[in-house]
Amino acid sequence: MTTDTWEKFSGRMRELRHLESIAGLLGWDEQTVMPPKAAPGRAAATGTLASIEHERLTSPEYGDLIEGLLQQDLGTERRAMVELAQRARDKAVKLPPELVREMAELASSSQSAWVQARTADDFSIFEPLLQRTLDLKARQAEHLGYKNEPYDAHLDLFERGATAEQLQPMFDAVTAGITPTLDAVLGRDDGTRILPGGPYDASAIMAYCSDLLARMGYDMQAGRLDLSAHPFTSGVGPQDARVTTRVRSDDPKEAILATLHEMGHGLYHLGQREDWVETTIGASVSLGVDESQSRLWENHVGRSLAFWEGEFPKAAAALKPLAAATPQSVFRAVNRVRRSLIRVEADEVTYPLHVAVRFEIERGISNGQLKAADLPAAWNESYERILGIRPPSDADGVLQDVHWSIGYLGYFPTYLIGSVYSAALFDAYTVQAGGPDLVRDQFRAGEFAPLLAWLRSNIHQVGSLKLPAQIIADATGRASDGSIDTGPFVSYIQSKYRDLYDL
Ligand code: ZN
């Protein structure tokens, strides 16, 4: 291999990462501060950017570079970089440029329609754009190809190699494992308010969440916290990971848990190896692993008693009405198990069921059984059957998630993969840290640096060098056969809620 060939290839890789970074910034802007009237212009610009990226990715010269390099002895890291470049390119060349542009443009305008529809609780505003999105996604799946069913093509875009057939057993095992706990817990809750109802000052909540991020080890010189309709993280570029949250004046816990969740994504992004950040391997390996990071901080830290024992005095000082609560009452409030309508507000026990609803519906969409017009009814029926609750409105039903508006079909299952992985990772960290008592001591003392350091070396710094299942297997010291072991997650739920509800 000539140095020249590698230089050319890494120049291309770098350029593609820069384009991704620009797209990330546009997306962040759109969901946080962009004025509403800018939407059509932004949609067009986003389409152009996606076309340029697609053009670069599919250029024959780039293909030749990749082919040539794959014939050479590259060493593990460089080979992984080239193989990932090849994977992205292979997908891109299968897609017609017009389809790529149309999908990017539509994602941008459809998202504005979704916001309007959700605010007005009127699905008809969103329906035509959603149907167009679903049509484009169906075409995309046919171009990309799939193993057993069209849904597999969508899944593979978010979780490398995932198929519906492989994920179904994960959903089944988790549902079977948590159902006895759920049945025992439901009905124990009389529905009375646990935490003071406020009103909580929105700017005080934001200031507190920002301070919390900094204290947890988030570099606020490399990130920021803003408000958005749907909390998200944008890894804009090296040393730039921005998180958002949303606030309610009657309940501060949603903003806090969303902040911790998004922080987990942001820390993963910021923790990538510096010498890899402009390569294909210096990035999140899959959405499932990304979600394992967010779920770990949100649930295993933010929903633990030890965390609240340490954090409560600071929270109560910043959020005045909370002073009437106690660490124990906050702990009970953040772990309250209820049949609820909104996924992002759901407790850990019912959360997998919220994801199961979406998995079932997305499979139906992908296999052509459900059209956009069918979705409100299908959603309500599914919630009633799986969660035992029927949404009174589409805003609290089918319109609650941003994903489909931006073309993210096949993304939802990664939420459950992430929850399942996070439990296995937390078990491994606990053993390494000397046991649960020592971990609780750390949390009570506000010491999160050891946990972050462990995640840095076992997950963040591995980037995309290995396959997701292998990274989790290496970090947890378990053998990997490529399947997803739901055991640690199910045991975690069973034992935590047995204690909490005195079952
Ligand atoms: Zn997330």
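All values reported here derive from a predicted model rather than from experimental measurement.

Novice: Sorry, what's going on with the side chain of Ser 228 here?
Specialist: Its place among the elements puts Ser 228 in the loop between strand E1 (223-227) and strand E2 (233-237). Its relative accessible area of 10% is what places Ser 228 among the buried residues. Polar contacts involving the side chain of Ser 228 include one to the side chain of Thr 244, which spans 2.7 Å. Setting aside residues up to four positions removed in sequence, Ser 228 forms contacts with Gln 31, Thr 244, Thr 245 and Arg 246.

Novice: Got a minute to help me understand the nonpolar core in this structure?
Specialist: Looking at soluble globular proteins, one finds that nonpolar side chains tend to be buried together. Of all hydrophobic cores here, the largest spans 129 residues; its most connected members are Leu 167, Met 216, Trp 297, Leu 322, Leu 375, Trp 404 and Ile 459. The two domains that each donate at least three residues to this core are domain 1 (3-122) and domain 2 (165-500). Excluding residues within four positions of it along the chain, Leu 167 makes contact with Leu 155, Ala 162, Phe 359, Pro 413, Ile 417 and Ile 484. Among the nonpolar cores identified, the runner-up in size contains 21 residues, and Leu 19, Leu 57, Tyr 62 and Leu 74 belong to it.

Novice: Is there a simple way to explain the coordination of the zinc ion in this structure?
Specialist: Six octahedrally arranged donors around a metal ideally form angles of 90 or 180 degrees; four tetrahedrally arranged donors ideally form angles of 109.5 degrees. Within the protein, the atoms that donate to the zinc ion are His 261 (NE2), His 265 (NE2) and Glu 291 (OE), at distances of 2.1 to 2.3 Å. When the donors of the zinc ion are listed by position in the chain, the intervening gaps give H-x3-H-x25-E. Placement of the pair is His 261 in helix H10 (residues 253-270) and Glu 291 in helix H11 (residues 287-301), with a sequence separation of 30 residues. For the pair His 261 and Glu 291, one class covers both residues: buried.

Novice: Teacher, can you tell me more about the pairing of E2 here?
Specialist: Where a strand is regular, its side chains alternate between the two sheet faces. In terms of strand pairing, E2 meets strand E3 (residues 240-245) through 4 bridges, oriented antiparallel. Paired with Ser 234 across the bridge in E3 is Arg 242. Hairpin connection between E2 and E3: a loop of 2 residues separates the two successive antiparallel strands, and Gln 239 in this loop has a positive phi of roughly 55°.

Novice: Help me understand the domain arrangement of the protein in this model?
Specialist: A common way to report how large an interface is uses the accessible area buried once the components associate. Each assigned domain of the protein is listed here: domain 1 (3-122) and domain 2 (165-500). Taken over C-alpha atoms, the centre of domain 1 sits 27 Å from the centre of domain 2. Each partner contributes to the interface: domain 1 provides 25 residues, whereas domain 2 provides 33 residues. Three residues, Arg 17, Trp 28 and Trp 114, lead the burial of domain 1 against domain 2; their summed loss comes to 28% of the area buried on that side. Our count for the domain 1 to domain 2 interface comes out at 2 salt bridges. One salt bridge in this structure joins Glu 77 and Arg 273, with 3.8 Å as the shortest N-O distance.

Novice: Even after reading the chapter, I still don't get the packing of aromatic side chains, so can you show me in this structure?
Specialist: We describe a pair of aromatic rings using the distance from one ring centre to the other and the angle between the two ring planes. What the rule picks out here adds up to 21 aromatic pairs. Relative to Phe 359, the ring of Tyr 151 has its centre 5.9 Å away and its plane inclined at 50°; by these criteria the two rings are tilted. One end of the pair, Tyr 151, is in helix H7 (residues 150-158); the other, Phe 359, is in helix H14 (residues 351-366), and 208 residues separate them in sequence. A centroid spacing of 4.3 Å and a plane angle of 10° characterise the contact between Phe 171 and Phe 359, whose relative ring orientation is stacked. Separated by 188 residues along the polypeptide, Phe 171 in helix H8 (residues 164-185) and Phe 359 in helix H14 bring together distant segments of the chain. Relative accessible area serves as the criterion here: at 3%, Phe 171 is assigned to the buried category. Judged by relative accessible area, Phe 359 falls into the buried class, the value being 3%. In textbook terms, an aromatic cluster arises when at least three aromatic residues are bridged by ring pairs, as seen for Phe 158, Trp 379, Tyr 383, Trp 404, Tyr 408, Tyr 411, Phe 412 and Tyr 415.

Novice: Help me understand the sheet that holds E2, please; the structure alone is not making it clear to me.
Specialist: Where strands meet in a sheet, backbone hydrogen bonds hold them as pairs that are either parallel or antiparallel. On the basis of which strands lie adjacent, the open sheet formed by 3 strands has the order E1-E3-E2 and mixed pairing. What marks the edges here is a single partner per strand, and that holds for E1 and E2. Each strand axis lies, on average, 20° off the axis of its neighbour in the sheet, ignoring direction. Taken together, the 5 bridges between E1 and E3 define a ladder with parallel strand orientation. What sits directly across from Leu 227, in E3, is Thr 245. On the sheet, helix H1 (residues 3-32) packs against E1, E2 and E3 and is oriented at approximately 145° with respect to E2.

Novice: Sorry, what's going on with the packing of helix H2 (residues 39-58) against helix H5 (residues 97-120) here?
Specialist: For any two helices packed against each other, one specifies the inter-axial angle together with the distance between the axes. Running from N to C, H2 and H5 point in directions that differ by 150°, and their axes come no closer than 8 Å. By the angle between their directions, the pair H2 and H5 is classed as roughly antiparallel. H2 and H5 meet at a crossing whose hand is right-handed. On H5, the residues that touch Ala 39, Arg 42, Ala 43, Ala 44, Thr 46, Gly 47, Thr 48, Ala 50, Ser 51 and His 54 of H2 are Pro 97, Val 100, Arg 101, Ala 104, Glu 105, Ser 108, Ser 109 and Ser 112. By residue class, the composition of the contact of H2 with H5 is 7 nonpolar, 8 polar and 3 charged.

Novice: Even after reading the chapter, I still don't get the pattern of salt bridges, so can you show me in this structure?
Specialist: Any two side chains of opposite charge can pair, on the condition that their charged atoms come close. Summed over all chains, the structure comprises 35 salt bridges. Ionic pairing is found between Arg 87 and Asp 156, a salt bridge with its closest N-O pair at 3.3 Å. Of this pair, Arg 87 sits in helix H4 (residues 76-94) while Asp 156 is found in helix H7, placing the two residues 69 residues apart along the sequence. Residue Arg 87 is classed as partly exposed on the basis of its relative accessible area, which comes to 24%. Between Arg 363 and Glu 149 there is a salt bridge whose closest N-O contact spans 2.7 Å. Of this pair, Arg 363 sits in helix H14 while Glu 149 sits in the loop between helix H6 (123-144) and H7; the two residues are 214 residues apart in sequence, bridging distant segments of the chain. Judged by its relative accessible area of 11%, Glu 149 falls in the buried class. If you follow the salt bridges from partner to partner, you end up with Arg 246, Arg 248, Asp 250, Glu 254 and Glu 345 in one network.

Reading the values: rules and limits
- Starting from 1, residues in each chain are numbered consecutively following that chain's sequence as written.
- For a predicted model such as this one, the threshold for reporting local features is a pLDDT of at least 70, and the threshold for listing and counting side-chain atom pairs is 80 or more; totals across whole chains, interfaces and linings nevertheless cover every residue.
- Note that the side-chain values use all heavy atoms of the structure and ignore hydrogens as well as water.
- The way it works is that DSSP assigns letters per residue, a run of H or I at least four long becomes a helix, a run of E at least two long becomes a strand, and they are numbered from the N terminus.
- Relative accessibility decides the category of a residue: with a 1.4 Å probe and only protein chains considered, values under 20% of the type maximum give buried, values over 50% give exposed, and everything between is partly exposed.
- In the analysis that follows, any N or O atom pair within 3.5 Å is treated as a polar contact, provided that within protein one partner can donate a hydrogen and the other can accept it, and provided that, for residues neighboring in sequence, both atoms belong to side chains.
- Any two residues having at least one pair of non-hydrogen atoms within 4.5 Å are treated as being in contact.
- Throughout this description, the term nonpolar core refers to a set of buried Ala, Val, Leu, Ile, Met, Phe, Trp, Tyr and Cys residues connected via side-chain atoms within 4.5 Å.
- Boundaries of every domain are those given by an automatic assignment or by a domain database.
- Distances up to 2.8 Å from the metal define which N, O and S atoms are donors, and 3.2 Å serves for Na, K and Ca; water is absent from the atom set, so sites may look incomplete.
- For two strands to be treated as a pair, DSSP must find no fewer than two bridges joining them.
- Note on terms: buried area is the combined drop in 1.4 Å-probe accessible area of two parts once they are placed together, counting the loss on both.
- Here a salt bridge means any side-chain nitrogen of Lys or Arg lying within 4 Å of a carboxyl oxygen belonging to Asp or Glu.
- Centres within 6.5 Å are what make two rings of Phe, Tyr or Trp a pair, Trp counting through its six-membered ring; a difference in plane orientation under 30 degrees is then read as stacked, over 60 as edge-to-face, and the rest as tilted.
- Only the stretch in contact is used when a helix axis is fitted, and all axes are lines through C-alpha atoms; the angle between N-to-C directions ranges over 0 to 180 degrees.
- The scheme is simple: roughly parallel for angles under 35 degrees, roughly antiparallel for over 145, roughly perpendicular for 65 to 115, oblique for anything else.
- Note on convention: the crossing is left-handed when the near helix lies turned anticlockwise from the far helix by less than a right angle, right-handed when the turn is clockwise.
- Amino acids are sorted into nonpolar (Ala, Val, Leu, Ile, Met, Phe, Trp, Tyr, Cys and Pro), charged (Asp, Glu, Lys and Arg) and polar (every other residue, Gly among them).

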